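# Structural features, examined
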Amino acid sequence: MPSPGSARKDVRVPLFTRSHPLAQQKATGETDPTAAPEAATPPEQQAPPEPATPDERSGDTGSAKTPDGADSDKPDASTDPTDTADSAKAVDPADAPDPAKKPASADAGVPATPADAVEPAGSAAPVAPAEPSESTRPTDSADSTEPADSTDSAHPADTAEAAQSDGDADADALSDEPSSQLPPRAGWFGWRARFPLAARVVRVGTSVLAGALLLVALVVPDRLDRMSFQSFLRLPVELIVLAVVLLVLPARARRIAAVVTGAFVGLSTVLKCLDMGFYETLARPFDLVFDWVLLSDAADWMKDSFGHSGEVLAIIGVIVLLIAVLAGSALAMVRLADVLAKHRPMAVRTTLVLGVVWIMCFTLSVQVGGVTLATKGYSQFLSNRVKYVREGLGDADVFKKQLTVDAFAKTPPDQLLTGLRGKDVLFTFIESYGRVALDDPTMAPEMDKTLTAGDARLKAAGFSSRSAWLRSPVTGAGSWLAHSTFLSGLWIKNQQRYRTVTTSTRATLTSYFQKTGAWRTVGIVPGVRKSWPEGKYFGLDNIYDSTHLGYQGPYFSWTPVPDQFSLESFEKLEYGKKNRDPIMAEIILASSHNPWSPIAHTIPWNQLGDGTIFNQIKKEGTNPTEVWKSAKRVRTEYRKAIQYSVDSLTQWVQRYGNKNTVLVFLGDHQPVPTVTGGTADRDVPITIVAHDPKVLDKISSWGWTDGLKPADSAPVLGMDKFRDRFMTAYAK
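Just so you know, these numbers come straight off a predicted model, no measurement behind them.

## Things to note about the pattern of salt bridges
All chains considered together, the criterion is met by 19 salt bridges. Residue Lys640 pairs with Glu637 through a salt bridge whose shortest N-O separation is 3.8 Å. In this pair, Lys640 and Glu637 both sit in helix α23 (residues 631-656), three residues apart, roughly one turn of the helix. Each of Arg435, Asp439, Arg471 and Asp683 takes part in one network of salt bridges that share partners.

## Details of a nonpolar patch on the surface
Side chains of Phe229, Leu233 and Val368 sit close together on the surface and give an oily, nonpolar patch of about 270 Å² of accessible area. Relative to the assigned elements, Val368 resides in strand β6 (residues 367-368).

## What about the side chain of Ser484?
Mapped onto the fold, Ser484 is located in helix α17 (residues 479-488). The class of Ser484 is buried, set by a relative accessible area of 0%. At 3.0 Å, the side chain of Ser484 forms a polar contact with the backbone oxygen of Leu481. Setting aside chain neighbours within four positions, we find Ser484 in contact with Gly489, Ile492, Tyr498 and Phe538.

## Some words on the pairing of strand β14 (residues 661-667)
In terms of burial, β14 is largely enclosed, as seven of its seven residues are buried. Residues Thr661, Leu663, Phe665 and Gly667 line one face of β14 and the alternating positions Val662, Val664 and Leu666 line the opposite face, and both faces are buried.

## Notes on the packing of helix α14 (residues 377-403) against helix α18 (residues 495-502)
In contact at an axis separation of 10 Å, α14 and α18 are set at 35° when each is read in the N-to-C sense. Where α14 crosses over α18, the handedness of that crossing is right-handed. Side by side, α14 and α18 meet where Gly392, Asp395, Ala396, Val398, Phe399, Gln402 and Leu403 of the first sit next to Gln496, Arg497, Thr500 and Val501 of the second. Taken together, the residues of the contact of α14 with α18 sort by class into five nonpolar, four polar and two charged.

## What about empty space enclosed by the protein?
In this structure the tally under the stated criterion is two cavities of 30 Å³ or more. Put simply, the largest cavity is a space of about 70 Å³. Forming the boundary of the largest cavity are Phe556, Ser557, Thr559, Ser591, His593, Pro595, Trp596, Ser597, Pro598, Ile599, Ala600 and Tyr644. A per-class count over the lining of the largest cavity returns seven nonpolar, five polar and no charged.

Cut-off values and rules
Residues numbered from 1 in each chain as written. Predicted model: local features only at pLDDT ≥ 70, side-chain atom pairs only at ≥ 80, totals over all residues. Heavy atoms only, no water. Salt bridge = Lys/Arg side-chain N within 4 Å of Asp/Glu carboxyl O. Helix = DSSP H or I, 4+ residues; strand = E, 2+ residues; numbered from the N terminus. Patch = residues over 30% accessible without salt bridge, like charges linked within 9 Å, V, L, I, M, F, W, Y side chains within 5 Å. Areas by Shrake-Rupley, 256 points an atom, 1.4 Å probe, with all protein chains shown as cover. Buried < 20%, exposed > 50% of the residue type's maximum accessible area, 1.4 Å probe, protein only. Polar contact = N/O pair within 3.5 Å; in protein donor to acceptor, adjacent residues only side chain to side chain. Contact = heavy atoms within 4.5 Å. Axes fitted to C-alpha atoms, helices over the stretch in contact; angles between N-to-C directions. Left-handed = near helix turned anticlockwise from the far one by under 90°. Nonpolar A, V, L, I, M, F, W, Y, C, P; charged D, E, K, R; others polar. 1 Å grid on protein atoms, 1.4 Å probe; cavity = no way out; pocket = protein on both sides within 12 Å on 5 of 7 lines; lining within 4 Å. Points joined across faces, edges and corners; volume = space filled by probe spheres on them.

Now the structure itself:
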């Protein structure tokens, strides 16, 4: 007959505790040896341990031997009262086990609670097992609980294995219960749990937004004139390649690749934005090697055009935009990587389908609204940037070889420019005076009137003129590059070449005049407001910048000094002096500089004074912010600015010119694409005006057009070729 201590007792626990290991351990009193220890109970809250009996000290925590040799269960003194309370709460009182029964966990060495203790060894007879309640019946649906075999008492390990097997079966049966899963992230203030539908909408929405952001970054053009709705209806092959890479990589590498790739896509998007700006102003993409210095010039232009506050706001906006693009693209890529990993089978199938569609569309050249559907434009964009960088890095060696070639370097000074000895030669640049001013149908009629009136003034004063076209190395901006190209005879297309030539011994057209010793060389540069060390390179004896012209009037946006006042100052400071040497002057007229608002207008020359009269003229002028809201108004103001510069120059020649005056005036580059309409044409007009017919006779073979307006069929000469051709023509 089995002893009372060997009777099996099934402790039934609620569903949650059976499905969750931690709760089951707490309900049954078991501990997980692999789990991290729980926080210790403060000493003052712990119950004092009871003295251990000799049998307990002997190490038998299962059943103790009585003097009669019978097994007797005793409560473990080390059982925490709080554990007993927790266990009591976990079991339904109606299903409480009979005190005479012993839990199976006790045979496995788990301490029994005081409620499970049996009668002491001195009892007259063992307690018979009680009929179990419905809730305590075994999972095999037996009608009654039979006493355990005597071998259960002899082999406690077998009893423990049986109990563990029962627990595993229960856990497997309930593994699909929601309570067995960890709760999802609640979000800020638990909003995900309170609004599950909204949480799902946000989750799906962010995924769609991330995909759209990445698609836009890959297919967006780098030029505003190519922006259209159809340009976004394209399937980039790079998107498919990215999906393949993210699906192949393991979790950690996938996340790292997503962050790096996302940041790279963000940087390329920023580069596209820079290209948009440069195409709008310079009609070319941003040069990663040479154009960083132009960013400070852009800030200065913003300050001059829209004030200090406008400059600050523009810089802040650029910084915020840069951070937002980089962070947004990186987060978008990480989001898509997580979606691909979460829905891997569907992602693989979708990627394969898109790959097949792209190959078919690319092979068949399928188009949507005139735009190719299957595109690899992003890869081509990156390839072009790499090509430009390589060319830029190798351009220095190419230019150094060109720098040493000079046909007049060894010519004696007394043999230079002999055909102009005794003449006052004035090389005058009109800012942004491009071919569009004479060819555009909306501007040509008014410009024709201005040039016709100028021709009449010059002829009335005894002057003649010849005109043609030059091709500038730049367009939209970069006047100093055009000036140095014209004067040095080299193609100065970037800032590196400009720095190289201005720090070299290469002679310029103006320095050759200085080299002869027959001319006094001066520079009228009202656009220069800072130190200009390059001025010495151009061979100028004296330089008059904006602070040395005596002007006390207001700025006109970027323009520090109106053209009419600059020319009047040249007359007073140099040209009008008596008993002087012949003058060679480089004059830069800046009133037609972008943004062409407000602009000055000509006034009687004897009223110029110190320039304060222009205060009222500026007040009557237009606001650049308002002008630039309309491309039509921008073109109108540009045309007026060119008219003002040409009128000022021809009036000055009529007023102060003499028989020795030789004027060479030209545009430095075309205006911005807002005015030109995005044309790639870089031609600018050039005119030579002289009182002495012999001066123009020396260029009669050039085929230039009579008058101030060159014909459409007039010759077009590279701006870098003019120096040598001019010096050759007037060498005798």
